[in-house]
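Observations on the model geometry
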Amino acid sequence: MGGIAPLVTTALPLASSVIGTVRSASAGQSGSAAQQAAAQQAAAELEYKRQQDAAQAAAAQAALEQKYREEAAAAERNAQAAAAARQQQAQLEAEAQARQWSHDAELRQREQELQRQKDEAAAAAAAAARAKEMDDYRSSQEQTLAQLRASQEQTVRAKESDAQTQLAQLTAAADAAEQRRLAALRQAVSKTRAGLGARGVTAQDGSGEAILLGLTNSSETERKGAQATDQLKRAAIQQSLDEAKRRNLLELSQLADRQRLEYMSKFF
């Protein structure tokens, strides 16, 4: 609007000068001159109006151009403001997205940590349960082994007691048999001596000595035979006891091997 005022101000003095000239000429002339002056005045007025219209058109064009410029500037400012707003909004959204990603990452990390702790706890519980199961199974095996060993020891003690009784009985029987043998030998020697004396033969004679020596040798042979029989019986008793002990050891070894295989197959 600032360009309109100069145009109008310039046109008005020029039109006023033309009108004043025409009026002055009209006052000093007559007749046709007055008509000519009127025509000039009309022409001046037309020129004045044309100038006014032109000035108004120029002012309107200038105002329109100014409006366009202002609208363009406003549009540019709006566009810049919109771009800045979009940029700011994009930045805010990016920051919000980054915060959301960070939050999500933190949540995932927490969830992973919780899951790791749960897995570790479950693994520890499973390991503890497995260890307890292994211990319980091993304790059960050891208890079975201990029960077998206790039963075997009780059986061996009973056999040892029986063996001691049998050996004591053998010893008593051997002592009694030895006493009977000695008594029989003494009796036989006495009878023989008496018989020899009745026939006038003494023990110092060769025949008497031979008879007595025969009795002694016969009694000694009987003693050795009894001892051999007694030793065989004692050896049989000891062998039976040793076989029972070896059988117990074999049973214990077989049970231990079987338990070891069962333990390995169950837990490994």
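Please read all numbers here as calculations on a predicted model, not as lab measurements.

**Things to note about the overall build of the chain**
Secondary structure summary: the chain contains three helices and zero strands in total. Scanning the chain from its N terminus toward the C terminus, one meets helices and strands in the order α-α-α. Across the 268 residues in the chain, those meeting the buried criterion constitute 14%. Restricting to contacts in the chain with at least 6 residues of sequence separation, those with at least 24 account for 76%. Roughly 19,100 Å² of accessible area belongs to the chain as shown, and the carbon and sulfur atoms make up 55% of that amount.

**Looking at the UniProt feature "coiled-coil region" (unreviewed entry) in the chain**
Here the UniProt feature "coiled-coil region" (unreviewed entry) sits at residues 160-187. Taken end to end, residues 160-187 comprises 100% helix and 0% strand; its first and last C-alpha atoms sit 39 Å apart.

**Describing the packing of aromatic side chains**
The final tally for this structure, using the stated rule, is four aromatic pairs. Taking the centre distance of 6.4 Å and the plane angle of 35° together, the rings of Tyr137 and Tyr263 count as tilted. Separated by 126 residues along the polypeptide, Tyr137 in helix 2 (residues 32-198) and Tyr263 in helix 3 (residues 206-267) bring together distant segments of the chain. Overall, Tyr263 belongs to the buried group, its relative accessible area being 16%. Look at Tyr137 and Phe267: their rings are 5.7 Å apart centre to centre, the planes differ by 70°, and that puts the pair in the edge-to-face class. Of this pair, Tyr137 sits in helix 2 while Phe267 sits in helix 3, placing them 130 residues apart in sequence.

**Points about the environment of Ala173**
With respect to the helices and strands, Ala173 occurs in helix 2. It is 9.1 Å that separates the C-alpha atoms of Ala173 and Asp230, two residues lying 57 residues apart in sequence.

**Concerning the pattern of salt bridges**
Side chains that carry opposite charge are capable of pairing whenever their charged atoms lie near each other. Summed over all chains, the structure comprises 14 salt bridges. Across the pair Lys67 and Glu71 runs a salt bridge, and its minimum N-O distance is 3.9 Å. A residue pair is termed a helical-turn pair when its members lie 3 or 4 positions apart in one helix, as Lys67 and Glu71 do in helix 2 at four residues. In this structure Lys67 comes out as partly exposed when scored by relative accessible area, which is 45%. On the basis of relative accessible area, Glu71 is assigned to the partly exposed category, the value being 41%. Between Arg181 and Glu178 there is a salt bridge, with its nearest N and O atoms 2.4 Å apart.

**A few points about the side chain of Asn248**
Take Asn248: it is sitting in helix 3. Of the residues examined, Asn248 reaches a relative accessible area of 12% and is grouped as buried. Non-local contacts of Asn248, meaning those with residues more than four positions away in its chain, are made with Gln152 and Val156.

**As for the confidence of the model for the chain**
Should the pLDDT be low somewhere, the predicted coordinates at that spot are not to be read in detail. Of the residues in the chain, 82% have a pLDDT of 70 or more, and the chain-wide mean is 83. Mean pLDDT in the chain bottoms out at helix 1 (residues 4-28), which sits at 47, and peaks at helix 2, which reaches 89. Low pLDDT (under 50) marks residues 1-15, which in the prediction has 16 contacts with non-local residues, meaning those over four places away or in another chain. Contacts of residues 25-29 to residues separated by more than four positions or lying in other chains number two contacts, the stretch itself having pLDDT below 50.

**So, the side chain of Gln141**
Summarising the element assignment, Gln141 is placed in helix 2. Discounting chain neighbours no more than four positions away, the residues touching Gln141 are Gln259, Glu262 and Tyr263.

Cut-offs used in this document
- Residues numbered from 1 in each chain as written.
- Predicted model: local features only at pLDDT ≥ 70, side-chain atom pairs only at ≥ 80, totals over all residues.
- Heavy atoms only, no water.
- Helix = DSSP H or I, 4+ residues; strand = E, 2+ residues; numbered from the N terminus.
- Buried < 20%, exposed > 50% of the residue type's maximum accessible area, 1.4 Å probe, protein only.
- Contact = heavy atoms within 4.5 Å.
- Areas by Shrake-Rupley, 256 points an atom, 1.4 Å probe, with all protein chains shown as cover.
- UniProt positions renumbered as here; feature names shortened; annotations may be inferred.
- Phe/Tyr/Trp six-rings, centres within 6.5 Å; stacked < 30°, edge-to-face > 60°.
- Salt bridge = Lys/Arg side-chain N within 4 Å of Asp/Glu carboxyl O.
- pLDDT = per-residue confidence, 0-100.

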